[in-house]
Amino acid sequence: MRKILRSYLIITCGSFIQGMAMALFLFPHAIPSGGAGGIAVLLNYWFSIPLSFALWLVNFSLLVLAIKWLGNASTIGTMFTITITSISLHVFSMDVFTHRENVWVDLIIGSIILGTGVGILLRQKVSNGGMGVIALIISNYRSIPPGKPLLLLNGFIFLLTASIIAWEIVIQALLSQWISTRIVDFVYNLKRNLYTVPSMIWRKK
């Protein structure tokens with residue numbers, strides 16, 4: 001029970017960090033944080049599906065994949081992640097947190113913070129939603145860090161939506177993904193046994 005509570009506390013922190021990065025640094029400049037929104041735009045463009053329903057449809061479909069390939073625990077964790085991220089996004093979107101500096105400075109800072117949050121979530125074997133579901137599936141079955149597949153998936157979607165979104169925003173989105181996925185891999189590969197070293201030294205003494 002303690003292990004589950006600790007895991008969900010870490011997931012809460014990762015989700016909160018992810019939402020903060022979106023609200024404070026990326027979304028004020030209309031920089032998309034992932035590929036799910038891009039797919040929603042394409043569905044709206046091709047089939048005139050409302051954006052709100054299209055986005056829900058994309059996430060629902062990916063959660064179905066999560067149930068089949070990642071198991072119920074990861075799916076529940078993903079639902080929890082999406083909820084906490086939405087709450088964090090709402091909180092930091094309030095006027096009291098209004099923040100809009102240079103777009104390139106915000107892009108770098110926001111991407112680093114976003115990558116940290118996503119990396120924390122993926123270390124817990126929980127998707128951050130959107131393309132993170134597929135990236136986590138690929139990571140589990142090919143035994144590779146999830147950052148590279150996440151970059152390729154989102155990058156492909158950003159290029160597809162280039163005819164709808166302004167080119168400079170697509171370039172900013174790709175750069176943001178490149179930075180954030182590097183941070184994802186860094187956080188994902190951090191040693192998990194950092195706290196075992198002191199105990200080993202103590203025993204040797």
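Look up: the structure comes first, before these words.
All values derive from a computational prediction rather than experimental measurement.

Caption draft 1: Structural context of the packing of helix α5 (residues 103–123) against helix α8 (residues 167–188). Interaxial distance between α5 and α8 falls to 7 Å at its minimum, and their mutual angle equals 40 degrees. Between α5 and α8, the angle is such that the two are oblique. Handedness of the crossing formed by α5 with α8: right-handed. Grouping the amino acids of the contact of α5 with α8 by side-chain chemistry returns 15 nonpolar, seven polar and one charged.

Caption draft 2: Just the packing of aromatic side chains, in detail. Considering all chains together, one arrives at two aromatic pairs under this definition. Centroid distance Y8 to F80: 5.1 Å. Interplanar angle 75 degrees. Geometry classified as edge-to-face. Of this pair, Y8 sits in helix α1 (residues 2–26) while F80 sits in helix α4 (residues 72–92), and the two are 72 residues apart along the sequence. Note on Y8: relative accessible area 27%, which makes it partly exposed.

Criteria and cut-off values
- Residues numbered from 1 in each chain as written.
- Predicted model: local features only at pLDDT ≥ 70, side-chain atom pairs only at ≥ 80, totals over all residues.
- Heavy atoms only, no water.
- Axes fitted to C-alpha atoms, helices over the stretch in contact; angles between N-to-C directions.
- Helix = DSSP H or I, 4+ residues; strand = E, 2+ residues; numbered from the N terminus.
- Parallel < 35°, antiparallel > 145°, perpendicular 65-115°, else oblique.
- Left-handed = near helix turned anticlockwise from the far one by under 90°.
- Nonpolar A, V, L, I, M, F, W, Y, C, P; charged D, E, K, R; others polar.
- Phe/Tyr/Trp six-rings, centres within 6.5 Å; stacked < 30°, edge-to-face > 60°.
- Buried < 20%, exposed > 50% of the residue type's maximum accessible area, 1.4 Å probe, protein only.

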